[in-house]
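# Observations on the model geometry
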Amino acid sequence: MSRDMGVAAPGSSTSGLGVVAVGAALEAVAGVAAMQEEVAIRRDGPETDPDEPPKKRVRLPEGEAGKLEERLYSVLCCTVCLDLPKASVYQCTNGHLMCAGCFIHLLADSRLKEEQATCPNCRCEISKNLCCRNLAVEKAVSELPADCPFCLKQFPRSTLERHQKEECQDRVTLCKYKRIGCPWQGPFHELPAHEGECCHPNKTGAELMGVLGEMDQSHRRDMQLYNSIFGLLCYEKIGFTEVQFRPYRTDDFITRLYYETPRFTVLNQTWVLKARVNDSERNPNLSCKRTLSFQLLLKSKVNSPLECSFLLLKGPYDDVRIKPVIHHHAFSNDTNETEYVLLPISDSVECNKLLAAKNINLRLFIFQIQK
């Protein structure tokens, strides 16, 4: 038996089939080669004469590159503050750009004025549902150059913050002996020389004890709040619930915005929370500084005074920053509501976040003091 199975006898039917198969294979190989050659030409460009000098890539002159950056700044800037966005970028339905801070501020202003928020450019309606983030613009802005305020060199905006905090040799830094009273601050590259000459490590024990005493007082103030909370957690009757502040308007000739929660039950009693902006200031939308204050109301009738401690914290799904503050009140049928107290948010930006939301969601804790 022959081992060569690839060659058929002349005149046989298998010979015709083999010739056809080989021809088809050769055509296929030729087609693939032609496609590869075409792709290579498209990728590498047409063949060049080896005697011809190589062509250099054309670069924009320095002045034209600067003009291009200026044009990009004008195109990508926020339509409200006319500055380049530092974080998220939102756009209206017509594509006009707004930085996150201005977008939230517009929504908060519309809530205070009881108007529909609109785009400053085209006056189309804007809201958290109608507007979306523009990730392409965010990426483009992060790659634009920006000057370091310390060394005045240019870096992409995406790396500028890290450069300022960790790499810049001219960034302002403090002496490591600041905690024991050294007031020096200066460029980072001068820090080793200063620390080598700093006199504060040679302070006497009495001087160090005075500094440590001030540090202890500050630490005790910080720990007092946490110790109070831990003490309240030892009470027998503790209740908490999620509360939702909903916006309403007063019936005055000039209506004012206020918030109120639906009735809720905690510790077998019925309660309501109310809140107001800037202590019911007449035109809070004209003020740059904005605050929220709230009060707790007992709606149930009680047979004896009900002494309670309470505090508000942020809800589980919100990103607003609230510093906990404990309040106390003795509730009775005659004194069934507390005074308005400030909601301890960090600044007006956090307040605008709450005002821009459809509802304000927080968490309330009530501790009943047993006598």
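What counts as what
- Residues numbered from 1 in each chain as written.
- Predicted model: local features only at pLDDT ≥ 70, side-chain atom pairs only at ≥ 80, totals over all residues.
- Heavy atoms only, no water.
- Phe/Tyr/Trp six-rings, centres within 6.5 Å; stacked < 30°, edge-to-face > 60°.
- Buried < 20%, exposed > 50% of the residue type's maximum accessible area, 1.4 Å probe, protein only.
- Lys NZ or Arg CZ within 6 Å of the ring centre and 35° of its normal.
- Axes fitted to C-alpha atoms, helices over the stretch in contact; angles between N-to-C directions.
- Helix = DSSP H or I, 4+ residues; strand = E, 2+ residues; numbered from the N terminus.
- Parallel < 35°, antiparallel > 145°, perpendicular 65-115°, else oblique.
- Left-handed = near helix turned anticlockwise from the far one by under 90°.
- Contact = heavy atoms within 4.5 Å.
- Nonpolar A, V, L, I, M, F, W, Y, C, P; charged D, E, K, R; others polar.
- Pairing = 2+ DSSP bridges.
- Expected span 1.5 Å × (residues − 1).
- UniProt positions renumbered as here; feature names shortened; annotations may be inferred.
- Salt bridge = Lys/Arg side-chain N within 4 Å of Asp/Glu carboxyl O.

On to the packing of aromatic side chains, then. Under the defined criterion, the tally for this structure stands at six aromatic pairs. Ring centres 6.4 Å apart and planes at 10° place the aromatic pair Phe-365 and Phe-367 in the stacked group. The exposure classification of Phe-365 matches that of Phe-367, with both residues buried. Every member of this aromatic cluster is reached through a ring pair, and the members are Phe-240, Phe-365 and Phe-367. Stacked on the ring of Phe-188, the Lys or Arg Arg-171 has its end atom at 4.0 Å from the ring centre.

With that settled, the discussion passes to the packing of helix H3 (residues 100–113) against helix H8 (residues 348–356). When two helices pack together, their arrangement is captured by the angle between the axes and the distance separating the axes. Two numbers describe how H3 lies on H8: the axes approach to 8 Å, and their chain directions differ by 60°. With respect to their mutual orientation, H3 and H8 come out oblique. Seen from above, H3 lies across H8 with left-handed handedness. Contacts from Ile-104, His-105, Leu-107, Ala-108, Arg-111 and Leu-112 of H3 reach H8 at Asn-352, Lys-353, Leu-355 and Ala-356. Split by residue class, the contact of H3 with H8 holds six nonpolar, two polar and two charged.

Here we come to the sheet that holds strand S3 (residues 132–133). Read from one edge to the other, the open sheet built from three strands follows the order S2-S1-S3, with strand pairing classed as antiparallel. Both edges of this open sheet fall to strand S2 (97–99) and S3, since each of them pairs with a single strand only. In terms of strand pairing, strand S1 (residues 89–91) meets S2 through three bridges, oriented antiparallel. For Val-89, the partnering residue across the bridge sits in S2 and is Cys-99. Where H3 meets the sheet, its contacts fall on S1 and S2, and the angle it forms with S2 comes to roughly 95°.

In this model H3 runs 20 Å from its N-terminal to its C-terminal C-alpha over 14 residues, within 8% of the 20 Å that 1.5 Å per residue would give. Cys-102, Phe-103, Ile-104, Leu-107, Ala-108, Asp-109, Ser-110, Arg-111 and Leu-112 are the residues of H3 that are buried. Turning to H3, the residues buried within the fold contact S1, S2, strand S8 (237–249), strand S9 (257–260), strand S11 (269–277) and H8. Looking one or two residues beyond H3, the residue adopting positive phi is Glu-114, at roughly 55°.

Next up on the list: the UniProt feature "domain: TRAF-type" (unreviewed entry) in the protein. Feature annotation in UniProt places "domain: TRAF-type" (unreviewed entry) on residues 144–182, given in this structure's numbering. The annotated region residues 144–182 carries 28% helix and 23% strand content, and the separation between its end C-alpha atoms amounts to 39 Å.

Its location among the elements puts Glu-307 in strand S13 (residues 306–314). Classification of Glu-307 as partly exposed rests on a relative accessible area of 30%. Along the backbone, Glu-307 and Phe-331 are 24 residues apart, and their C-alpha atoms lie at a distance of 6.0 Å.

Even without a glycine there, the phi angle at Asn-268 is positive, about 65°. Residue placement: Asn-268 occurs in the loop between strand S10 (264–266) and S11. Even without being a glycine, Asn-278 presents a positive backbone phi close to 50°. Tracing the backbone shows Asn-278 in the loop between S11 and strand S12 (292–298). Among the residues examined, Asn-278 registers a relative accessible area of 12% and is labelled buried.

Our focus in this paragraph is the pattern of salt bridges. Under the defined criterion, the tally for this structure stands at 11 salt bridges. Note that Glu-114 is salt-bridged to Arg-249, the shortest N-O span being 3.6 Å. Here Arg-249 lies in strand S8 and Glu-114 lies in the loop between H3 and S3, a separation of 135 residues in the sequence. Look at Arg-249 and you get buried, because its relative accessible area is 19%. Put simply, Asp-279 and Arg-276 hold a salt bridge, and the shortest N to O gap is 3.6 Å. Using a relative accessible area of 45% as the deciding quantity, one classes Asp-279 as partly exposed. Here the salt bridges do not stand alone but share partners, grouping Arg-321, Glu-350 and Lys-353 into one network.

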